[in-house]
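Secondary and tertiary structure notes
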Amino acid sequence: MLREAGRCMEATVWFLTSNQGKLEEAQLHFAPLGYNIEQLVVPEGAIVEPQSDSLEEIAISKLEQAKAHLPNSNDMVMVEDSGLFISALDGFPGVYSSYVYETIGCQGILRLLAHLESEDPVQQKKLRAASYRAVTALWDGTSMIIGLGECPGSLASEKHEGHGFGYDPVFVPLDLNDEGQPLPAGELGPTSTHGVAFGGVELDVKHRFSHRRRALEHLLEQLP
Ligand code: IMP
């Protein structure tokens with residue numbers, strides 16, 4: 001079991017992902033807990049992503065397929081499906097986030113939202129509200145556990161580059177209160193990027209807000 005294995009330093013969780021950003025964030029989260037996160041590399045085309053509008057359904061399907069590629073059949077394996085959900089676009093790009101990023105990218109998203117501008121900074125955040133969501137599915141050798149995480153925020157009007165991946169140059173998280181919970185748009189909290197998008201902050205700062213961290217925490221809480 002994961003928790004039993006977690007007491008020793010050699011517990012390995014195989015992470016099926018080709019995204020280096022996701023891998024680094026999972027490694028950052030698991031390293032202090034004594035887990036070694038290894039990238040599970042499979043042959044091109046070996047994993048088929050189902051057509052679904054549910055992150056959870058996609059994650060479960062990929063986890064089932066990933067099991068066949070484990071070095072040892074009772075190893076632990078994890079997958080994550082995530083996306084950016086923009087309120088003004090009824091949740092688009094959502095499950096299509098990866099494809100939309102590869103086609104129109106951050107600049108295309110900024111163009112789609114160009115008409116949503118306000119002089120009032122609070123109104124601006126509300127008009128451009130969005131959230132990152134992640135579903136992480138883990139096979140611990142005997143059963144499947146699902147973790148859900150969300151990071152509410154808004155889309156900036158211009159890119160902040162340097163860190164992160166995907167939509168990080170344009171995604172600004174809501175501030176967090178003393179308990180680490182998101183505050184309403186415009187309220188200032190002790191944990192804040194001060195209006196800077198994830199692309200403009202270090203990885204450990206993103207981690208305090210991140211949907212990925214929340215999904216991993218939710219998952220770890222459920223371990224028997
Ligand atoms: P998938 O989970 O591999 O289908 O891809 C999710 C896509 O959502 C990524 O390729 C990114 O475009 C976007 N995404 C998910 N999480 C993040 C994040 O933490 N930062 C930036 N983009 C993200």
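For the structure itself, look to the data block above.
This report concerns the structure included in the present document. (Residues numbered from 1 in each chain as written. Predicted model: local features only at pLDDT ≥ 70, side-chain atom pairs only at ≥ 80, totals over all residues. Heavy atoms only, no water.)

A few words now on the packing of aromatic side chains. Two descriptors summarise a pair of aromatic rings, namely the distance from one centre to the other and the angle between the planes of the rings. In total, this model carries six aromatic pairs according to the counting rule given. Their ring planes at 85 degrees and their centres at 5.4 Å tell us that Phe30 and Tyr35 sit as a pair that is edge-to-face. The same class applies to Phe30 as to Tyr35, namely buried. A ring pair is formed by Tyr132 and Phe198, whose centres lie 6.2 Å apart and whose planes are at 5 degrees; its orientation type is stacked. Placement of the pair is Tyr132 in strand 4 (residues 129-139) and Phe198 in the loop between strand 6 (171-173) and helix 7 (203-209), with a sequence separation of 66 residues. In this structure, Tyr132 and Phe198 share a single accessibility class: buried. Among the aromatic residues, those joined into a ring-pair cluster are Tyr132, Phe171, Phe198 and Phe209. Above the ring of Trp139, the side-chain terminus of Lys67 is found at 3.6 Å from the ring centroid. (Phe/Tyr/Trp six-rings, centres within 6.5 Å; stacked < 30°, edge-to-face > 60°. Buried < 20%, exposed > 50% of the residue type's maximum accessible area, 1.4 Å probe, protein only. Helix = DSSP H or I, 4+ residues; strand = E, 2+ residues; numbered from the N terminus. Lys NZ or Arg CZ within 6 Å of the ring centre and 35° of its normal.)

This brings us to the environment of Gly195. As for its placement among the helices and strands, Gly195 is situated in the loop between strand 6 and helix 7. Placed 52 residues apart in sequence, Gly195 and Ser143 show a C-alpha to C-alpha distance of 41 Å.

Another aspect to go through is the pattern of salt bridges. A complete count under the given rule lists 11 salt bridges for this structure. Residue Lys22 is joined to Glu80 by a salt bridge in which the shortest nitrogen-to-oxygen separation is 3.3 Å. Of this pair, Lys22 sits in helix 2 (residues 20-30) while Glu80 sits in strand 3 (residues 76-86), and the two are 58 residues apart along the sequence. The class for Lys22 is buried, based on a relative accessible area of 12%. Of the charged contacts in the structure, one is a salt bridge between Asp168 and Lys206, with a shortest N-O distance of 2.8 Å. On the criterion of sequence distance, the pair formed by Asp168 in the loop between strand 5 (144-155) and strand 6 and Lys206 in helix 7 is long-range, its members being 38 residues apart. Each member of the pair, Asp168 as well as Lys206, carries the same accessibility label: buried. Counted as one network, the salt bridges with shared partners bring together Lys22, Glu25, Glu80, Asp168, Lys206 and Arg212. (Salt bridge = Lys/Arg side-chain N within 4 Å of Asp/Glu carboxyl O.)

Tracing the chain through its elements places Gln124 in helix 6 (residues 121-127). We classify Gln124 as buried; its relative accessible area is 14%. Those residues in contact with Gln124 that lie beyond four places of it in its chain are Leu116, Glu117, Ser118 and Ser157. (Contact = heavy atoms within 4.5 Å.)

Let's shift gears to helix 2. Listing the buried residues of helix 2 in full gives Gly21, Lys22, Leu23, Glu25, Ala26, His29 and Phe30. Close packing links the buried residues of helix 2 with strand 1 (11-16), strand 2 (35-39), strand 3, helix 7 and helix 8 (211-221). Among the residues of helix 2, the N-terminal cap falls to Asn19, whose side-chain oxygen and the backbone nitrogen of Gly21 are separated by 2.8 Å. (Polar contact = N/O pair within 3.5 Å; in protein donor to acceptor, adjacent residues only side chain to side chain.)

Scope: geometric values only; no functional claims are made or implied.
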